[in-house]
Amino acid sequence: MSTEETETMETAEATERAETAEATERAEAAEAVESTTDVVIAGAGPTGLMLAYELALAGAETLVLEKLDQRIEQVKGGAIQPRTAELLESRGLLEPMLRRAMPRDWVGGHFAMLPVPLDCTPWRTRHNDPIALPQWKIEEVLEERAVAAGARILRSSAVSKVESDEDGVVVTADGLRVRARYLVACDGGHSTVRKLLELPFPGRAGTHQAVLTDIRLTAVSSLVPKQMGHISTMTRQVGGYWAMLVPVGGDLYRFTFGHEGQVDTARDVPVTHEEIATALREVYGEETTLGAVDNSSRFSDATRQLERYRVGRVLFAGDAAHIHSPMGGQGLNLGMQDAINLGWKLAAVIQDRAPSGLLDSYHAERHPAAARVLHHTSAQRVLADTNPSEDVAALRDIFIDLLRLPDTNRHLAGLMSGLSLRYELPGEHPLTGQRVPDADLVTEDGATRLSALFGSGHAVLLDLAGAVPDGLRLPPRVDLVRATCADDLGAAALLIRPDGYVCWAADTPAACGETLLATIEGGLTKVR
């Protein structure tokens, strides 16, 4: 055999071996896909668990992958804002959370920690004040309900690989491979999924660092608050430190602090016992004695937002999509409202109940909502500067005066509570895109409340004046409710989405025949 023939044979054998190896790898990969599901959610924080519940409620098969082996029992992120409270109540989730709430004075929210409580009364809500609740207890309720609704949650399952194609996503997590129709990244500000997809996260790096820790005190001075109150009464600045010590119950306190001269410290550098004890002594006196540290973490006021919340079959929600200054307790609420907006839409797409483009409306609606939060938390960061310049101090004084004016207070209360959020939806009626107050209703079954109509996660066509004709054929998961209401809700009939926002309203019966079914078909679900 000639040298040329030998080389040709060797080349052919090498090619055959490579093709065989590639085929074997494909076969092994196919065998390694241990399960399939409709949706994989990365992250079992409040956003991921809220989304899991919404999807399971709608009948979508859902798997949550969480890298931690157990929930971290840390108080962080524990303020449920009024709009989030309304949405939780509409799903029957608020009452078990209220049972776990921390004791506090019922005072309004705040803007930039300024000493004028925000009053949500003009927004016609039953939840005028934020609810103080440790984040892990929020997660506890959501996980219980999500699992009961049919969602699966796997802990010790860190996502390590994401492969997408036209039909879905294959997610690898600690040896487990799962094929899903969609993947939703709810895995936090340092999102692994976002990094695996090499997506830019544009914005601004943090300007200062701080520590959040849950501690136990064996002795307290007279400077230590006895009960949670308005944030302006809970903060102290001494010796270059700024701090907030919040009683949680018994000897447990949530302690947040920073220092003007603090050098940048990597996020994963452990917070030492002495670092915490020193800050306590400086701000709350020698009599305040640190007994134990339950947990601790570092955070900054970095501000960033994804340019797109959807990349093919992968979507992003919560801190994986946006981060910002923690001013005003917005982050947890923003993420949970992302989940409630996305959940019904994603389920409808998966179950082929949705019109074309419904899933894209998630980004169209929630990206501006987050951008608004990034904008006003940046403004708050200036006003809340712990070492303000003379000009900023003057600005604070003027702003405090403005906050005492009813119109200014109403505007900022709506902003911080989420009650003023309005989506830009098609339609000429002034109610389109707005939330509806939780009004008292009387139906043929008796007295009820608007919020009680949404426990199933369906949309509701609310007929308040006999405007909806008999025999109108509605698609599944759109419930017609005929009722009377002593309050003026602003229309004779309203079509309210599962996330509580009006997508159609009419003042006359004629409008029902002209625009109702077209609205359902175009922005809610298919009319079959």
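## Observations regarding the overall build of the chain
Next up, step 1: Along the chain, the regular secondary structure elements total 12 helices and 24 strands.
Next up, step 2: A globule of 528 residues ought to have a C-alpha radius of gyration of about 24 Å, and the chain, at 26 Å, matches this closely.
Next up, step 3: By its C-alpha atoms, the chain is 95 × 70 × 40 Å across when sized along the principal axes.
Next up, step 4: Among the 528 residues that make up the chain, the fraction classed as buried is 52%.
Next up, step 5: Considering only contacts within the chain whose residues lie at least 6 apart along the sequence, 72% involve residues at least 24 apart.
Next up, step 6: In the structure as shown, the chain presents an accessible area of about 23,500 Å², 51% of it carried by carbon and sulfur atoms.
Next up, step 7: Distance between charge centroids for the chain: 4 Å, based on 51 positive and 74 negative side chains.

## Some words on empty space enclosed by the protein
Next up, step 1: The full count for this structure, using the stated rule, is six cavities of 30 Å³ or more.
Next up, step 2: Its boundaries defined by the atoms lining it, the largest cavity holds a volume of some 170 Å³.
Next up, step 3: Lining the largest cavity we find 14 residues, and of these Arg 83, Glu 86, Ser 90, Val 436 and Ser 451 sit closest to its centre.
Next up, step 4: In terms of residue count, helix 3 (residues 82-90) provides more of the lining of the largest cavity than any other element does, five residues in total.
Next up, step 5: Partitioned by chemical class, the residues of the lining of the largest cavity number five nonpolar, four polar and five charged.
Next up, step 6: Of the pockets and cavities examined, the second largest cavity occupies roughly 140 Å³.

## Re the side chain of Asp 214
Next up, step 1: With respect to the secondary-structure elements, Asp 214 resides in strand 10 (residues 209-219).
Next up, step 2: Of the side chains with opposite charge, Arg 254 comes closest to the buried, unpaired Asp 214, at an N-O distance of 6.0 Å.

## A closer look at the sheet that holds strand 14 (residues 289-300)
Next up, step 1: If you trace the five strands from one edge of the open sheet to the other, you get 11-12-13-10-14, paired in antiparallel fashion. Two strands close off the open sheet at either side, each with one partner strand: strand 11 (235-238) and strand 14. Sheet twist, expressed as the average angle between the axes of neighbouring strands with direction ignored, equals 25°.
Next up, step 2: Taken together, the six bridges between strand 10 and strand 13 (residues 252-259) define a ladder with antiparallel strand orientation. By the bridge assignment, Val 211 is partnered in strand 13 with Phe 257.
Next up, step 3: The sheet contacts of helix 7 (residues 273-284) involve strand 10, strand 11, strand 12 (241-249), strand 13 and strand 14, and relative to strand 12 the element is tilted by about 100°.

## Side note on the environment of Ala 302
Next up, step 1: Tracing the backbone through its elements, the reader meets Ala 302 in the loop between strand 14 and strand 15 (303-305).
Next up, step 2: A relative accessible area of 12% places Ala 302 in the buried class.
Next up, step 3: Linking Ala 302 and His 322, residues 20 residues apart in sequence, is a C-alpha distance of 9.9 Å.
Next up, step 4: What Ala 302 contacts, discounting residues up to four positions off in sequence, is Arg 204, Ala 205, Gly 206, Ile 323, His 324 and Ser 325.

Thresholds, definitions, all that
- Residues numbered from 1 in each chain as written.
- Predicted model: local features only at pLDDT ≥ 70, side-chain atom pairs only at ≥ 80, totals over all residues.
- Heavy atoms only, no water.
- Helix = DSSP H or I, 4+ residues; strand = E, 2+ residues; numbered from the N terminus.
- Rg over C-alpha atoms; globule rule 2.2 N^0.38 Å.
- Buried < 20%, exposed > 50% of the residue type's maximum accessible area, 1.4 Å probe, protein only.
- Contact = heavy atoms within 4.5 Å.
- Areas by Shrake-Rupley, 256 points an atom, 1.4 Å probe, with all protein chains shown as cover.
- Lys, Arg positive; Asp, Glu negative; His and termini not counted.
- Charge placed at Lys NZ, Arg CZ, Asp CG, Glu CD.
- 1 Å grid on protein atoms, 1.4 Å probe; cavity = no way out; pocket = protein on both sides within 12 Å on 5 of 7 lines; lining within 4 Å.
- Points joined across faces, edges and corners; volume = space filled by probe spheres on them.
- Nonpolar A, V, L, I, M, F, W, Y, C, P; charged D, E, K, R; others polar.
- Salt bridge = Lys/Arg side-chain N within 4 Å of Asp/Glu carboxyl O.
- Pairing = 2+ DSSP bridges.
- Axes fitted to C-alpha atoms, helices over the stretch in contact; angles between N-to-C directions.

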